[in-house]
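Spelled out from the first residue to the last, the chains are:
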Amino acid sequence: MPIHLRGSTYHLRRRVPKRYAGVEERKVVYVSLKTDSLTEARRKEEEVWKNLVAQWEALLRGDTDIARERYAAARDLAQARGYEFLPANRIAELPLDEIVARVEAAMRPDGTIDDRKGRAFLGAVKEPGTTITECLEIFWELTKDEAAAKSPNQRRVWANSFKRAIRNFVDVIGDIEIERLSADHMMELREWYWRRIERGEIKVETANKQIMFFGTVLRRVNKMRMLGLDLPLSDWGFKSQGEVTRKPFSTEWIKRVLVEGDNLRGLNDQARGIVLLMVNTGLRPSEAAGLQAADIRLDHAVPHIDVRPQIDGEKRRALKTRNSERVIPLAGVSLEAMRAFPNGFPRYYDKPGLSQTVNKYLRENGLMETPQHTLYCLRHSFEDRMLEAGIDERLRRDFLGHALGRERYGSGGDLRFRQAQIQRVAL
């Protein structure tokens, strides 16, 4: 534990990361938190540590900037004098006469080597590495195709996950070069996440996702830029602490509370329509909100919806997975809901807030079956009803947009056949 009681005052005691050995003589810092309250000490702990890291980082930043300037100056000088700018190990492989010429060009009249010319002609300067924040900028360049397929809101959510993961690392460890990343850095990061988990600030799942996003950025840069680094990015996550999984609503509850009567009258009409659409389709909330008029086929002999990516125009939007693209026949209350909104749900298209709005309304009005239930649980309920009705696994996975785990042969039945299957479980 980094907080220690000394006399009547709590202190922060933490090991100084190796990165700062050149600017901080202490191996361990011991800083008074100026309080005798453990609660207050825990609150101040991260702030004090961040201030220390910021000071150390500022000292290092000057060296980094100078290193980059020196490297750029050496490269420019070599090119200006007609030399190919090469690192020292490559220069050592040149023919002897070329090496001698470079040495002579780098010498002062007194026979000593001019440092500036030595860096330029003899490669006596190390190329600065790529910092962690620079890795994120490179990552954006490498994933332009992925970002282009997403809607503006999808891009925002997607990008924020990576930004947060990188920012957390830099706040805790510093903006080090990827070439210097060590297991010690990752252990320090893991300890920081664990302290947040212990304080109840985040869940294990959240910490694991952030560590995963961080690793994704660095692995992509390492691979696509062919850096050839052996990065210590594996096995830093935490074991699950038994987080509560989503529970399906019972069929009786859906019928009595959500479908029959007017319990949903307080919801805005589009949110209410999405809830009822999900009952007999198992759609993800984002998929329901993303439907466009062209995806809604109410005039077809078998009314249905096409869940598909939007690849052109202003309404561009990606699906969660490749298997998410599917056709779902409409029946029961879901068909009625779709008839009320034949052009989709513009209030929620590519906007956050749908699940939060519905979940808040259901909880405040006693319409959740248990505290663990959420809007998303309607998807689980649809799967349970199909399972209990004996609907084939292939169809269940097709309707829910799940991978099958084997080759998909055939179409899985025409629309009328699929409609008949859904009608068996429709409410």
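Residues numbered from 1 in each chain as written. Predicted model: local features only at pLDDT ≥ 70, side-chain atom pairs only at ≥ 80, totals over all residues. Heavy atoms only, no water.

**Some details on the sheet that holds strand S2 (residues 9-15)**
- Pairing is antiparallel in the open sheet, where three strands are placed in the order S1-S2-S3. Of all the strands in the sheet, just strand S1 (3-6) and strand S3 (28-32) have a single pairing partner and so form its edges. When the angles between neighbouring strand axes are averaged without regard to direction, this sheet yields 30°. (Pairing = 2+ DSSP bridges. Helix = DSSP H or I, 4+ residues; strand = E, 2+ residues; numbered from the N terminus. Axes fitted to C-alpha atoms, helices over the stretch in contact; angles between N-to-C directions.)

**Regarding the packing of helix H11 (residues 269-279) against helix H13 (residues 332-340)**
- Between H11 and H13, the shortest axis-to-axis distance is 7 Å and the interhelical angle comes to 145°. The chirality of how H11 crosses H13 is left-handed. Mapping the contact onto sequence places Gly 273, Leu 276, Leu 277, Met 278 and Val 279 in H11 and Val 333, Ser 334, Ala 337 and Met 338 in H13.
- For the contact of H11 with H13, the per-class residue count stands at seven nonpolar, two polar and no charged. (Left-handed = near helix turned anticlockwise from the far one by under 90°. Contact = heavy atoms within 4.5 Å. Nonpolar A, V, L, I, M, F, W, Y, C, P; charged D, E, K, R; others polar.)

**A short note on the nonpolar core**
- In this structure, Leu 264, Leu 283, Met 338 and Leu 378 are the most contacted members of the largest nonpolar core, which totals 48 residues.
- Every element with two or more residues in this core is listed here: helix H10 (251-259), H11, helix H12 (285-289), strand S5 (304-307), H13, helix H14 (354-364), helix H15 (377-388) and helix H16 (393-400).
- With seven residues, the top contributor of residues to this core is H11.
- The contact partners of Leu 264, leaving out residues within four places of it in the chain, are Leu 258, Arg 272, Val 275, Leu 276, Tyr 361, Leu 362 and Leu 367.
- The next biggest cluster of nonpolar side chains, apart from the first, holds 37 residues, and it includes Val 170, Met 186, Ile 197 and Val 217. (Core = buried A, V, L, I, M, F, W, Y, C linked by side-chain atoms within 4.5 Å. Buried < 20%, exposed > 50% of the residue type's maximum accessible area, 1.4 Å probe, protein only.)

**Some details on empty space enclosed by the protein**
- Tallied over the entire structure, the rule returns one cavity of 30 Å³ or more.
- Volume-wise, the largest cavity comes out at about 40 Å³.
- In terms of residue count, the dominant contributor to the lining of the largest cavity is helix H8 (residues 183-198) (three residues).
- Of the residues that constitute the lining of the largest cavity, the class distribution is two nonpolar, one polar and four charged. (1 Å grid on protein atoms, 1.4 Å probe; cavity = no way out; pocket = protein on both sides within 12 Å on 5 of 7 lines; lining within 4 Å. Points joined across faces, edges and corners; volume = space filled by probe spheres on them.)

**Brief notes about the packing of aromatic side chains**
- The tally for this structure, following the rule as stated, stands at twelve aromatic pairs.
- Measuring from centroid to centroid gives 5.5 Å for Trp 158 and Phe 162, while their planes differ by 75°, and the two rings are edge-to-face. Residue Trp 158 and its partner Phe 162 are located together in helix H7 (residues 152-172), separated by four residues, close to a single helical turn.
- In this structure Trp 158 comes out as buried when scored by relative accessible area, which is 16%. (Phe/Tyr/Trp six-rings, centres within 6.5 Å; stacked < 30°, edge-to-face > 60°.)

**Here's the deal with unusual backbone geometry**
- The phi dihedral of Asp 235 falls on the positive side, at around 65°, and the residue is not glycine.
- Within the secondary structure, Asp 235 is located in the loop between helix H9 (204-224) and H10.
- Residue Asp 235 is classed as exposed on the basis of its relative accessible area of 76%.
- One non-glycine residue, Asp 350, lies in the positive phi region at around 55°.
- Within the secondary structure, Asp 350 sits in the loop between H13 and H14.
- A relative accessible area of 15% places Asp 350 in the buried class.

**Here's the deal with the pattern of salt bridges**
- Considering all chains together, one arrives at 23 salt bridges under this definition.
- Glu 46 is the salt-bridge partner of Arg 195, the closest N and O atoms lying 3.6 Å from each other. Taken together, the positions of Arg 195 in helix H8 and Glu 46 in helix H1 (residues 38-80) put the pair 149 residues apart, joining distant regions of the chain. Assigned by exposure class, Arg 195 and Glu 46 land together as buried.
- A salt bridge links Glu 146 to Arg 220, with the nearest nitrogen and oxygen atoms 3.1 Å apart. Separated by 74 residues along the polypeptide, Glu 146 in helix H6 (residues 144-148) and Arg 220 in helix H9 bring together distant segments of the chain. (Salt bridge = Lys/Arg side-chain N within 4 Å of Asp/Glu carboxyl O.)

**What about the packing of H15 against H16?**
- H16 packs onto H15 with a crossing angle of 160° between their chain directions and a minimal axis gap of 10 Å. Classified by the angle between their axes, H15 and H16 sit roughly antiparallel to one another. Note on packing geometry: the crossing formed by H15 with H16 is right-handed. Facing H15, whose interface residues are Arg 379, Phe 382, Glu 383, Met 386 and Leu 387, H16 presents Arg 396, Phe 399 and Leu 400.
- Looking at the contact of H15 with H16, its residues break down into five nonpolar, no polar and three charged. (Parallel < 35°, antiparallel > 145°, perpendicular 65-115°, else oblique.)

**A word on the environment of Val 53**
- Within the secondary structure layout, Val 53 lies in helix H1.
- With 50 residues separating them in the primary sequence, Val 53 and Ile 3 have C-alpha atoms 17 Å apart.
- Other than its neighbours up to four places away in sequence, Val 53 contacts Tyr 20, Val 170, Asp 171 and Val 172.

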